[in-house]
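Structural description and commentary
Listed below, chain by chain, are the residues.
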Amino acid sequence: MATPHTIAVAGKGGVGKTTTCGMIIDYLCKKQDGPILVVDADANSNLNEVLGVEVETTLGSIREEMAQAELKGTIPSGMTKAEYAEFKFNSALVEEDDYDMLVMGRTQGKGCYCYVNGVLKTQVDKYAKNYRYLVMDNEAGLEHVARGTLPHVDTMLLISDCSRRGIQAVARVAEMIGEMALNPGQMGLIVNRAPGGELDEGVKAEIEKYGLKLLGVLPQDEGVYRCDCQGEPSAKLPDGNPVKVALAKIMQSLGL
């Protein structure tokens, strides 16, 4: 299979980035246009909850398990550390009916994420060619994209809420993308949680000020809010939900 079409979703925490990412995955699944690899690369993300998926194994938890096994000398005899790592990390792929999922997760204790970042890149490289789409939920700092976890970004979606501060935050992300010469195939802004699906003139002016390409606006929605409050998967809301309808139009305008 050819290289997958990669979609990276980025934005600061608390703007509905992960909810939007979950609905994008749901949209692609319903198109039935080929297998999808979902990568939850935000250590603070709960993409699995938005999708309604139980995740028992994350790359971060395996990292901790391996560290403990090394300390206690419980790596199975006849296996090298590298072989044991490969065996364990293979178990991190969560297989659903319409997509497969890799979750970075958190690591316990001190230390940086360098090791787990490296593992994530290795796993993505290993699996990516088997999929039509690769969708990655990133943290605001875009560390994974910067580290080359994705081979290339075809579609970069910047998510903001409808506040001026939110627009300023994604403008910094857009600037970072330019500085890193990532050159995504297409990039634009989706503004989330707009009352009545309309943007305030001040917010429009802020978008123009930073030269951001506005792809579309998602309305503030009671159904999404209820899901967030009750811990229900918002990606499974009916297709007639106003946010899903607006997002489907955006996806179609992007040729997806």
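We now turn to the structure provided with this report. A quick note: this is a predicted structure, and the numbers were derived from the prediction, not measured. (Residues numbered from 1 in each chain as written. Predicted model: local features only at pLDDT ≥ 70, side-chain atom pairs only at ≥ 80, totals over all residues. Heavy atoms only, no water.)

**Some remarks on the pattern of salt bridges**
Pairing between side chains of opposite charge can happen when the charged atoms of each approach one another. Counted under the stated rule, the structure contains 13 salt bridges. Between Lys-88 and Glu-65 there is a salt bridge; the shortest N-O distance is 2.7 Å. Note that Lys-88 is positioned in helix 4 (residues 81-90) and Glu-65 in helix 3 (residues 59-72), a separation of 23 residues in sequence. Its relative accessible area of 38% is what places Glu-65 among the partly exposed residues. For Lys-126, the salt bridge is made with Glu-86, and the minimal N-O distance between the two is 3.2 Å. Taken together, the residues span a long stretch of sequence, with Lys-126 in helix 5 (residues 114-127) and Glu-86 in helix 4 at a distance of 40 residues. On the basis of relative accessible area, Lys-126 is assigned to the partly exposed category, the value being 26%. Counted as one network, the salt bridges with shared partners bring together Asp-26, Lys-30, Asp-239 and Lys-244. (Salt bridge = Lys/Arg side-chain N within 4 Å of Asp/Glu carboxyl O. Helix = DSSP H or I, 4+ residues; strand = E, 2+ residues; numbered from the N terminus. Buried < 20%, exposed > 50% of the residue type's maximum accessible area, 1.4 Å probe, protein only.)

**Brief notes about the pairing of strand 7 (residues 186-194)**
Two elements, strand 6 (residues 155-161) and strand 7, share seven bridges in a ladder whose sense is parallel. Bridge pairing in strand 7 links Thr-155 to Gln-186. Handedness of the strand 6-helix 7 (residues 164-179)-strand 7 crossover: right-handed. Here four bridges tie strand 7 to strand 8 (residues 214-219), and the two strands are oriented parallel to one another. What sits directly across from Ile-190, in strand 8, is Gly-216. A crossover links strand 7 with its parallel partner strand 8, the connecting element being helix 8 (residues 201-209), and its sense is right-handed. (Pairing = 2+ DSSP bridges. Right-handed = clockwise from strand over helix to strand, strands pointing away.)

Function cannot be read off these values alone, since they describe shape.
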